[in-house]
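Notes for the structure review
What follows is the residue order along each chain.
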Amino acid sequence: MDSAVLDFLAATIRIATPLMLAAMGGIISERAGVFAVGLEGMMLAGAFGAAAGTFLTGSTAIGIASSIGCGALVGLTVAVVAVRFRADQMVTGLAANALVAGLTSFLLRGVIGHGRTPVIHTALLDPWPVPGLSAIPVIGSLLFQQPPLTYLAFTATVPLYWFLVNSHAGLLLRAAGENPAAAYSVGANPAKIRTVATIAGAAITGLGGAVLVLQQVGTFSDGMTGGRGFLALAAIIVGRWMPFGTMAACLVFGAAEAMHLWVQVLGLPVSSYIVQMLPYLLALAVLAAWGRSVVMPAAIGVAYGDPDRS
Amino acid sequence: MAGDSIPLLEMRGIVKQYGSVAANAGIDLTVSAGSVVGLLGENGSGKSTLMKILFGMVRADSGTMIFKGRELSGHSPRAAIGAGIGMIHQHFMLVEAMTITENVILSLGPAGRRLRKREVSRLVRETSERYGLDLDPFAVVGNLSLGRRQRVEIVKALMRGAELLILDEPTSNLSPPEVDRLLSVIRRLRAEGKAIIFISHKLGEVLEICDQIVVLRDGSVVGHSESDACTRVGLASLMVGRELDEVFERSTASPGLKLLELHNVSVPAAPGGSGLSDITFSVRSGEILAIAGIDGNGQLELAETIAGLRPAKVGTIELAGTDITNTGVADRIATGLSYIPADRIGTSLVPSMTIGENLMLRDSHRAPFSVHGWLNSSALDDNAHGAISAFGIRAPSPNISTKRLSGGNQQKIVVARELARAPKVLIAVQATWGLDPGATQFILDRLLRLRNDGAAIVYISSELEEVLALGDRIGVMFDGRIAGIMSRADADVTRIGMMMGGLETQSSVEEIRA
């Protein structure tokens, strides 16, 4: 196969991987009825956690754990404000994004750089070739010689799908996002479900940040997520809140971005900015076409409080 | 099987007081296994409160409830379900994006955790076949008709082991074939030994399906008998139970030209609402047509269709001789139509705006309120002061926001604003809802004065007393139709009650009485 095509496909997977993890985290949160507007901040917190954890301890494992923890912390903040105190979810998410952007920049200089902007480098995770499969020509190098978080990002879709569709906990989670009053009427606690889902989703989203640092860039810089959280949000919409659809959307978005590298290589007369707009245009088209249809969690964004308490 | 000796449920002396109003003033109710008990009554007669008490949603002030030989005390909906009581609410508690099976698993709570979808779907199918519910366990609830969704609720209750089912106004959102289907399901349930409480205001259905009928009025049981012993006329007058009396001084009407005419107006039903079918009537200058009916029989839709908020799919509407069928709201207002909706906070007032601003809202684009696009604050203040004194609105200043006012004062603002426009035609829905007697009287007086000044008024209310007090002619709506219109002189509560219960049209009432 043409090496340019291979490069294009490799870039697609690379770009899609952090989106995948953020989007899977977002699905958990949104299915429970909490808008995942804070994905960008959760991802950035995860990236910072990965960089700081790895840099300070020298262990990528601790870096990964730290990215999960930092993402979850942002999730906890969102859950307290938007679920416990029933603030507007959209505003809460945007505020969390702004908070994390400022906080990570501050911590980078204040804690790691002792007042100056530090230059930190972290080791990159090595690819884990899958024995046997990685030897397959073309496909092997493309799919089975990836670093560990990439496998995780793509295989996580299967248990997530199973959890949402076939488990009782998943049923309750969806009920909290569709009709919390109905969930409450059968003895579940929608506020608790939403809190747990938001935090769990944020932890997974944090891993998406770790992918950027530990598999791609090897350092942390201010605002390095660069809108990937919002792209993941768009992928969830295009994927109709289901893991496999969302995975497909992430790959399409990844391809769109990889395309702009290609466009430059081939010297096509298309502005790369236009190409980068494509994912969002696609998300808008999907929203306009289906609208607020049955597929969208019906109670998303609707605050729900424990009726006994309020 | 009807009328077993040992009752399944016995409620004794149930009292529930809301402020000074007794929603339930010592109600007794007995239900046996394998029987259907009809609970009949107007809006506010206490049937919903009684059922909420039974289901543990509301606690009674006093009284006892014995179910299957055990006293239910201090119980919650969950305890009621556990004891074997199922309630089918008017508004379904279903997750639309999920399948029937998933909704059932969800409803089973912790007990459902160990169940597999396949087993549950098999049970749903079996239950469905046993009671003739005709449900596909894998159908997504959001795609089902309202009748089917109701049967999903029935399956949910049965699978939780319900022996007593409470059906709250179960037929109000159903089409006639769906009603027939539901009644046959109820017969199957009865044959299997289930007890059913059937809450309704529709006399025909109650007589058809129930073994016993209990009639509530003003929180008390006013009638209790085997349904075979009931007559329609008897039930209707029990339910309504009032004599027509002159509530206040009023001049006789002197109707002039037809100002509002509806010809064969039909509107399809919106989901969860009523439609309108073939509505024809006219209202003359200097005349009030008061429309009675139990809530949800198309009154809201009628008002909104005349006001221009809903398009009339079929038929024509004429206002003072002008065809307004296809004109927008703004044009209708300009032609001389005013509308006082039932939902004053949602539709007529902007709660955070001041009294003065709300009072000029409809005419803010015109002189004197605005000149060349700029608001004239002195005109606004003059207008507000005038309305505040004329209508006795209790407010310290026209500049406070309307959300700080009581409901009565808010309503006075709406009425003041609409009447100030000297409309040719006024549509008012429940204009005195929630008001104290003084404010009610005041608003009714103002409406009569408007009518004496030559306006045509359509007054829609589910308060029969008000309809009787205000109407020069009285119409009754049932199931999206005008069941009949009679002149004030011919009005008779029994007849109105029967029409409200959907029993008879005008002519057949005459036959029964003859």
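Owing to the predicted nature of the structure, the values given are computational and were not obtained by experimental measurement.

**Side note on the overall build of chain B**
Along its length, chain B carries 18 helices and 22 strands. In terms of overall dimensions, chain B is globule-like: its C-alpha atoms have a radius of gyration of 25 Å, near the 24 Å expected for 514 residues. Dimensions of chain B, computed from the C-alpha atoms along their principal axes, are close to 70 × 55 × 45 Å. Residue burial in chain B is summarised as follows: out of 514 residues, 54% are buried. Contacts in chain B between residues at least 24 apart in sequence constitute 67% of all its contacts with a sequence separation of at least 6. As presented, chain B carries roughly 21,500 Å² of accessible surface, and 50% of it is formed by carbon and sulfur atoms. Averaged over its 54 positive side-chain charges, chain B has a centre that lies 7 Å from the centre of its 58 negative ones.

**Comments concerning the domain arrangement of chain B**
All names here are of chain B. On domain assignment, one finds that chain B holds domain 1 (2–240) and domain 2 (258–336 + 423–513). Taken over C-alpha atoms, the centre of domain 1 sits 32 Å from the centre of domain 2. Taken together, the contact between domain 1 and domain 2 spans 14 residues of the former and 16 residues of the latter. Of the roughly 1,300 Å² buried where domain 1 meets domain 2, counting both sides, 68% is carbon and sulfur surface. At the junction of domain 1 and domain 2, the tally comes to zero salt bridges. At the surface where domain 1 touches domain 2, the tally comes to one residue pair in polar contact (both at pLDDT 80 or more).

**Digging into the nonpolar core**
Among the nonpolar cores identified, the biggest contains 126 residues, and Phe220(A), Ile100(B), Ile154(B), Leu165(B), Ile186(B), Phe198(B) and Ile213(B) are the most heavily contacted of them. When residues no more than four places from it in sequence are discounted, the contact partners of Phe220(A) are Leu44(A), Ala47(A), Phe48(A), Ala51(A), Thr104(A), Leu108(A) and Ile120(A).

**Quick notes on the interface of chain B and chain A**
Size of an interface: often given as the accessible area lost when the parts come together. At the interface, 16 residues of chain B touch 15 residues of chain A. Taken together, chain B and chain A are joined by one salt bridge. Linking Glu102(B) and Arg174(A) is a salt bridge whose minimum nitrogen-to-oxygen distance equals 2.8 Å. Taken together, the connections running from chain B to chain A amount to three residue pairs in polar contact (both at pLDDT 80 or more). Among the elements that make up the side of chain B that touches chain A, the one with the highest residue count is helix H3 (residues 100–107) of chain B (four residues).

**Some words on the sheet that holds strand S15 (residues 322–323) of chain B**
All names here are of chain B. The four strands lie next to each other as S12-S11-S14-S15, forming an open sheet whose pairing is antiparallel. The open sheet terminates on both sides in strands that have one partner only, identified here as strand S12 (276–284) and S15. In this sheet, S12 lies alongside strand S11 (residues 258–267) in antiparallel orientation, the contact comprising six bridges. Within S12, the residue paired with Leu262 across the bridge is Phe281.

**Thoughts on the environment of Ala255(A)**
Residues and elements named next belong to chain A. Tracing the backbone shows Ala255 in helix H12 (residues 243–266). In the structure, Ala255 is positioned 242 residues away from Ile13 in sequence and 8.0 Å away in space, judged by C-alpha atoms. Residues contacting Ala255, with those up to four places away along its chain left out, are Phe8 and Thr12.

Quick notes on the rules
- Residue positions are given per chain, counted from 1 along the sequence in the order it is written.
- Just so you know, chain letters begin at A and ligand numbers begin at 1, following the order they were written in.
- Where totals are concerned, whole chains, interfaces and linings use all residues; where local detail is concerned, this predicted model gives features only for residues with pLDDT of at least 70, and gives and counts side-chain atom pairs only at 80 or more.
- To get the side-chain values, all heavy atoms of the structure are used, and hydrogens and water are removed first.
- Secondary structure counts use DSSP, requiring at least four H or I residues in a row for a helix and at least two E residues in a row for a strand, with both numbered from the N terminus.
- Note that the radius of gyration is over C-alpha atoms, with the globule rule given as 2.2 Å times the number of residues to the power 0.38.
- Partly exposed residues are those whose accessible area sits between 20% and 50% of the maximum for their type, while under 20% is buried and over 50% is exposed, using a 1.4 Å probe and protein chains only.
- Here, residues are in contact when the closest pair of their heavy atoms is within 4.5 Å.
- All accessible-area figures derive from a Shrake-Rupley calculation using a 1.4 Å probe, and residue coverage is judged against the displayed protein chains alone.
- We treat Lys and Arg as the positive residues and Asp and Glu as the negative residues; His and chain ends play no part in the count.
- To locate a charge, the coordinates of NZ of Lys, CZ of Arg, CG of Asp or CD of Glu are taken.
- Residue ranges labeled as domains rest on an automatic or database domain assignment.
- Summed over both partners, the accessible area (1.4 Å probe) lost when two parts come together is defined as the buried area.
- Salt bridge, as applied in this entry: a Lys or Arg side-chain nitrogen positioned within 4 Å of an Asp or Glu carboxyl oxygen.
- The definition of a polar contact used here is a pair of N or O atoms within 3.5 Å, where within protein one atom must be able to donate a hydrogen and the other to accept one, and adjacent residues in sequence count solely through side-chain atom pairs.
- What we call a nonpolar core is a set of buried Ala, Val, Leu, Ile, Met, Phe, Trp, Tyr and Cys residues that are connected through their side-chain atoms within 4.5 Å.
- Strands were regarded as paired on the criterion that DSSP finds at least two bridges between them.

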